[in-house]
Amino acid sequence: MSYFNSRKIEHKSRLCAIRVNEEVKLCIYLPRSMSCSRAVLCVTKDGEDSVSYEMFWAGMIGFDREKWEVHFSATTSGVYWYHFELDTPWGKNFIKNTGRGIGDIVADAGEFQQTVYDADFKTPSWLKGGIIYQIFPDRFYNSGEKKENVRPSRIMRKWGEEPFWKEEQMNGIWNNDYFGGDLKGIEKKLDYISELGVSCIYLNPIFEANSNHRYDTADYEKIDPLLGTEEDLKSLCKEAEKRGISIILDGVFSHTGCDSKYFNMFNNYDSVGAFNSKSSPYYSWYKFIDYPNDYQSWWGIKLLPEVIEENEEYRKYICSENGILRKWMRCGIKGWRLDVADELPDVFLDDLRRAVKAEDDDAVIIGEVWEDATNKTAYSVRRRYLLGKQLDSVMNYPFADAVLNLVRFRNAEAFFDEVLGIIENYPPEALHILMNHIGTHDTERAITRLAGDDCEGHGREWQHEHNKLSDEDYLRGVSMMKIASLVQFTLPGVPSIYYGDEIGMQGMKDPFNRACMSWDNVNEELLRWYRRLGEIRKGCTAFVDGEFIPVNCGHKTLAYKRVSEGNEVIVAVNLGDEAQEIEIGWEWDNSYAIFGESSKGGKITLPPFRYALLSR
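Fair warning: this is a prediction, and the values are worked out from it, not measured in the lab.

Asker: I'd like to hear about helix α3 (residues 230–242), residue by residue, with values.
Answerer: Under the 1.5 Å per step criterion, the end-to-end length of α3 is 19 Å for 13 residues, consistent within 8% with the ideal 18 Å. Those residues of α3 that are buried lie in contact with α1 (183–188), α2 (190–194), β15 (200–203), β17 (217–223), β18 (246–251) and α5 (324–329). With a side-chain oxygen positioned 3.3 Å from the backbone nitrogen of E231, the residue opening α3 is T229. At the exit of α3 stands G244, carrying a positive phi of roughly 75°.

Encoded structure:
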């Protein structure tokens, strides 16, 4: 037994974040031969002095180990760091975090983390146990309806052609090729989406913009004319609601387009933009270095002038009672996904949450944060996204990497370490609605990342040459996708499907991952698989908020269970090249096998690269 393990219930009574004023009991176990005379818990909150808590001796464990324990609680939310100090006849010793939650006696290792969140933090229950479906609107489905007021400069392409990727194809205007996917097209495919068990559709930006990705907002007050109208959005929300599906929109609030009514660099808008005059009502939104041509832009991209989110007028425009957020919520949407949330300052996120929750307390706010969102530092400040006053959830990139790396590199120990690290740090309210994707518009298609070549460090020319898998690799990729999605759908949080992944679409990074939905080239095996996963999630209450418990971790094998009141499921996977016997416990011998064979004698035998899902 370890001196301390923050991921074991015998050492830590709560294996997750705790609420303000909620107690957690911490126990350390020491060899009697250490002759410890005093043990202290040392806790430091960011920006504050360290505080010491005396531990008390709680008796012997057997003949050679003793137990010390202490109860810890906090009166304010935040991230707290802790270790243990021991007085012995040989001097002072320290129990610190050597990784994977394990505490060892060492002076220069890391601290343990304890997240403390607001006591009244509550997230929308309607998303728990659900499924998200992400749509890149221009590439999902073209309804065929006539589009009005579309700029003649846009290049309209034939559905299914390869997106432009070479500079010479773009005629000097990047991301200017369109395929005509629209809101009415999404509405026409709602039955298809519903058959996947989807409860929430996340749309990439739909506001007027001058690129196919629309992350360069031109007018927050209008739907892009190629996508439809405000009435089309209302109709989509209404029809989706009939099928138990909610719509959330992409909010891009850290920057606008230079070709927008706010900046108006090219005078395409009937407004006085910040670029046109210092008297513009939008001038104070932007940070000019040498007016008008030198200004602060998002990641140095001059097409995307950065907004000063702290600016009171801008915050009013977005977050006031009649601001942008609430205008679109009144059309029927159920929340927002925030682009580059880690680049939005606290004052803006605070205002945003107040506005969204005032309009609909049950609306969801999901942020784009690529790292552990509880200990993220941005602009030299420890962020407080998930402490109760800002985000409800984040896009769960750590889980995405964990799942894909598990299936590709077959390291079960690393997988458990990544998953348990997030579970340990995140408030349960946020954990159970995490957006668990394995591919998005910003990453390679999941099947390509699993079975294809690694594209890191390679440009578009190389990616184009390697964009399509060989027949052999594709078949292998389908098998890998089934295991990856099984794991994705059974982890804490809400699985998110990037449009087309469920039918086996492949592709490297942007723009290859943003191809048209291949309605005429469907991998029926994968589609049936995803539909079955959707049925299973609806039928097992353990996936709503069930506890995640590792059961077995072997060489290229693993098993874990989700446990809730009235339902338990267990997932077992063999990623090896030979059949393996995995011990899961005798209590599973009479369980129902959803996938794979039943347990016998507390063990389950899996062929190479196979899986089992049992329920009881």
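Structure's up, so let's keep going.
Asker: Run through the sheet that holds strand β6 (residues 56–61), naming residues and quoting values.
Answerer: Ordered by their spatial adjacency, three strands build an open sheet running β3-β7-β6, and the pairing between neighbours is antiparallel. The open sheet has two edge strands with one neighbour each: β3 (24–31) and β6. Taking the axes of each pair of neighbouring strands and ignoring which way they run, one obtains an average angle of 30° across the sheet. The sheet contact formed by β6 and strand β7 (residues 65–72) spans four bridges and is antiparallel.

Asker: Account for the sheet that holds β15, naming residues and giving values.
Answerer: Spatially, β25-β22-β21-β18-β15-β12-β27-β26 is the arrangement adopted by the eight strands of the open sheet, whose pairing is parallel. Across the chains shown, the open sheet's two edge strands, defined by having one partner strand only, are β25 (393–394) and β26 (435–437). Two elements, strand β12 (residues 132–135) and strand β27 (residues 494–498), share three bridges in a ladder whose sense is parallel. Bridging from a neighbouring strand, I132 pairs with S496 of β27.

Asker: Now, about a negative patch on the surface: what can you tell me, with residues and values included?
Answerer: Among the surface-exposed residues, E167, E168, E461 and E465 lie close enough to one another that they form a single negatively charged patch. Judged by its relative accessible area of 48%, E461 falls in the partly exposed class.

Asker: An account of unusual backbone geometry is needed here, citing residue identities and associated values.
Answerer: Omega for the peptide link from Y291 to P292 comes to -5°, which places this bond in the cis form. Relative to the elements of secondary structure, P292 occurs in the loop between β19 (288–290) and β20 (294–295). Omega for the peptide link from D510 to P511 comes to 5°, which places this bond in the cis form. Residue position: P511 is located in the loop between β27 and α13 (524–539).

Asker: Summarise the packing of aromatic side chains; cite the residues concerned and give the values.
Answerer: Here the structure, examined in full by the defined rule, presents 48 aromatic pairs. Their ring planes at 70° and their centres at 5.9 Å tell us that Y133 and F140 sit as a pair that is edge-to-face. Residue Y133 is classed as buried on the basis of its relative accessible area, which comes to 0%. Centre to centre, the rings of Y192 and W519 are 5.0 Å apart; their planes meet at 75°, and the pair counts as edge-to-face. On the criterion of sequence distance, the pair formed by Y192 in helix α2 and W519 in the loop between β27 and α13 is long-range, its members being 327 residues apart.

Asker: An account of helix α12 (residues 471–490) is needed here, citing residue identities and associated values.
Answerer: When the terminal C-alpha atoms of α12 are compared, their 29 Å separation across 20 residues agrees well with the 28 Å that a helix rising 1.5 Å per residue should span. In terms of residue burial, α12 counts as a mostly covered element, since 14 of its 20 residues are buried.

Asker: Which residues make up the packing of helix α7 (residues 397–409) against α12, and what values go with them?
Answerer: Interhelical geometry of α7 versus α12 gives an angle of 140° and a closest axis separation of 9 Å. Our pair here, α7 against α12, has a crossing hand that is right-handed. Every residue of α12 that contacts α7 at V403, L406, V407 and R408 is listed here: M480, I483, A484 and V487. For the contact of α7 with α12, the per-class residue count stands at seven nonpolar, no polar and one charged.

Asker: Before we move on, could you go through the nonpolar core and cite the residues and values that matter?
Answerer: Counting 131 residues, the largest nonpolar core has Y133, F253, W336 and F415 as the members making the most contacts within it. With nine residues, α12 is the largest single contributor of residues to this core. Residues L26, C36, L86 and I95 belong to the second largest nonpolar core, which totals 24 residues.

Asker: Hey, could you go over the pairing of β15 for me, with residue numbers and the actual values?
Answerer: Burial along β15 is two-sided: the face carrying C200 and Y202 and the face carrying I201 and L203 are both buried. Bridge analysis of β12 against β15 gives four bridges, and the strand direction is parallel. The partner of Q134 across the bridge, within β15, is Y202. By the bridge criterion, four bridges tie β15 to β18 in an arrangement that is parallel. Bridging across to β18, Y202 finds its partner in I248.

Asker: Outline the side chain of N264, listing residues and values.
Answerer: Examined against the element boundaries, N264 turns out to sit in the loop between β18 and β19. A polar side-chain atom of N264 sits 2.9 Å from the main-chain carbonyl oxygen of S271. Apart from the residues lying within four places of it in its own chain, the contact partners of N264 are C258, Y269, S271, G273, F275 and N276.

Asker: Any chance you could break down the environment of D138 for me, citing the residues and the numbers?
Answerer: Inspection of the secondary structure assignment puts D138 in the loop between β12 and β13 (155–156). Judged by its relative accessible area of 0%, D138 is buried. On a C-alpha basis, the gap between D138 and R214 in space is 9.6 Å, while along the polypeptide they are 76 residues apart. Those residues in contact with D138, other than ones at most four positions away along the chain, are W159, D177, Y178, F179, G180, G181, N212, R214, L226 and L227. There is a polar contact of 2.7 Å between the side chain of D138 and the side chain of R139.

Analysis parameters
Residues numbered from 1 in each chain as written. Predicted model: local features only at pLDDT ≥ 70, side-chain atom pairs only at ≥ 80, totals over all residues. Heavy atoms only, no water. Helix = DSSP H or I, 4+ residues; strand = E, 2+ residues; numbered from the N terminus. Expected span 1.5 Å × (residues − 1). Contact = heavy atoms within 4.5 Å. Polar contact = N/O pair within 3.5 Å; in protein donor to acceptor, adjacent residues only side chain to side chain. Pairing = 2+ DSSP bridges. Axes fitted to C-alpha atoms, helices over the stretch in contact; angles between N-to-C directions. Patch = residues over 30% accessible without salt bridge, like charges linked within 9 Å, V, L, I, M, F, W, Y side chains within 5 Å. Areas by Shrake-Rupley, 256 points an atom, 1.4 Å probe, with all protein chains shown as cover. Salt bridge = Lys/Arg side-chain N within 4 Å of Asp/Glu carboxyl O. Lys, Arg positive; Asp, Glu negative; His and termini not counted. Charge placed at Lys NZ, Arg CZ, Asp CG, Glu CD. Buried < 20%, exposed > 50% of the residue type's maximum accessible area, 1.4 Å probe, protein only. Phe/Tyr/Trp six-rings, centres within 6.5 Å; stacked < 30°, edge-to-face > 60°. Left-handed = near helix turned anticlockwise from the far one by under 90°. Nonpolar A, V, L, I, M, F, W, Y, C, P; charged D, E, K, R; others polar. Core = buried A, V, L, I, M, F, W, Y, C linked by side-chain atoms within 4.5 Å.

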